[in-house]
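Survey of secondary and tertiary structure
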Amino acid sequence: MIRSELIQKIADENPHLYQRDVERIVNTIFEEITNAMARGDRVELRGFGAFSVKKRDARTGRNPRTGEAVEVEEKHVPFFKTGKLLRDRLNGK
Amino acid sequence: MSDKTLTRMDLSEAVFREVGLSRNESADLVESVLQHMSDALVQGEQVKISSFGTFSVRDKAARMGRNPKTGEEVPIQPRRVLTFRPSHLMKDRVADGNRRQG
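For chain B, an unreviewed UniProt entry supplies the name Integration host factor subunit alpha and the organism Citreimonas salinaria. Looking at the Sequence similarities (unreviewed entry) heading of the UniProt record, one finds this comment for chain B: "Belongs to the bacterial histone-like protein family." Per UniProt, chain B has the following entry under Function (unreviewed entry): "This protein is one of the two subunits of integration host factor, a specific DNA-binding protein that functions in genetic recombination as well as in transcriptional and translational control."

Per an unreviewed UniProt entry, chain A is named Integration host factor subunit beta, and its organism is Citreimonas salinaria. Taken verbatim from the UniProt record of chain A, the Subunit (unreviewed entry) comment is "Heterodimer of an alpha and a beta chain." A UniProt comment under Sequence similarities (unreviewed entry) is attached to chain A, and it reads "Belongs to the bacterial histone-like protein family."

Given below as structure tokens:
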């Protein structure tokens, strides 16, 4: 399923809404999650899962081609942990 | 970093502000987005949200695990797990937003 298919499903269920409003609704949800993580916040959606930010420490990496050591700066990466309800549903429980 | 936790309520508040539906209807729409995504994943479908990321379901084989406390071997049943791969755009925005100043 891709974004446009998700929008279509919501639009089909809500015939009283304009398609462009459904698009704005769906886009707002994903935008809000990304914005939260960009601020370092967590987004916890019970039953579905939680989005959080993990810190990766600075390290000395290596250029795999030349073997040369390179300093890699500390950075923050997005992380998702599946919620219990969804994890159980995936396994037919 | 502000270290806050957002919930469904914050997402429906954002929808409420953005589209001007009632708070109730905004909350229902957030729920139905999550529901449709979950249903697709339970069907084994991949959910690909451009510029956000991709959720996919992977099958894990059975293996022997170990109880870390007792050292006892326990069989782990085959299972399906969900993985999320953030888009480049999300990775960049999260990295940029959390970069230490200076």
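Read on, since the account is not over.
Description of the pattern of salt bridges
Scanning the model with the defined rule gives 14 salt bridges over all chains in all. Close ionic contact of Asp-21 of chain A with Arg-24 of chain A constitutes a salt bridge, the shortest N to O distance being 3.2 Å. Within this pair, Asp-21 of chain A and its partner Arg-24 of chain A are both found in helix 2 (residues 19-38), separated by 3 residues, close to a single helical turn. Assessed through its relative accessible area of 35%, Arg-24 of chain A is described here as partly exposed. Residue Glu-44 of chain A pairs with Arg-46 of chain A through a salt bridge whose shortest N-O separation is 3.0 Å. Assessed through its relative accessible area of 65%, Arg-46 of chain A is described here as exposed. The network of salt bridges with shared partners includes Asp-21 and Arg-24 of chain A together with Glu-18 of chain B.

Procedures and definitions
- Residues numbered from 1 in each chain as written.
- Chains lettered and ligands numbered in written order.
- Predicted model: local features only at pLDDT ≥ 70, side-chain atom pairs only at ≥ 80, totals over all residues.
- Heavy atoms only, no water.
- UniProt positions renumbered as here; feature names shortened; annotations may be inferred.
- Salt bridge = Lys/Arg side-chain N within 4 Å of Asp/Glu carboxyl O.
- Helix = DSSP H or I, 4+ residues; strand = E, 2+ residues; numbered from the N terminus.
- Buried < 20%, exposed > 50% of the residue type's maximum accessible area, 1.4 Å probe, protein only.

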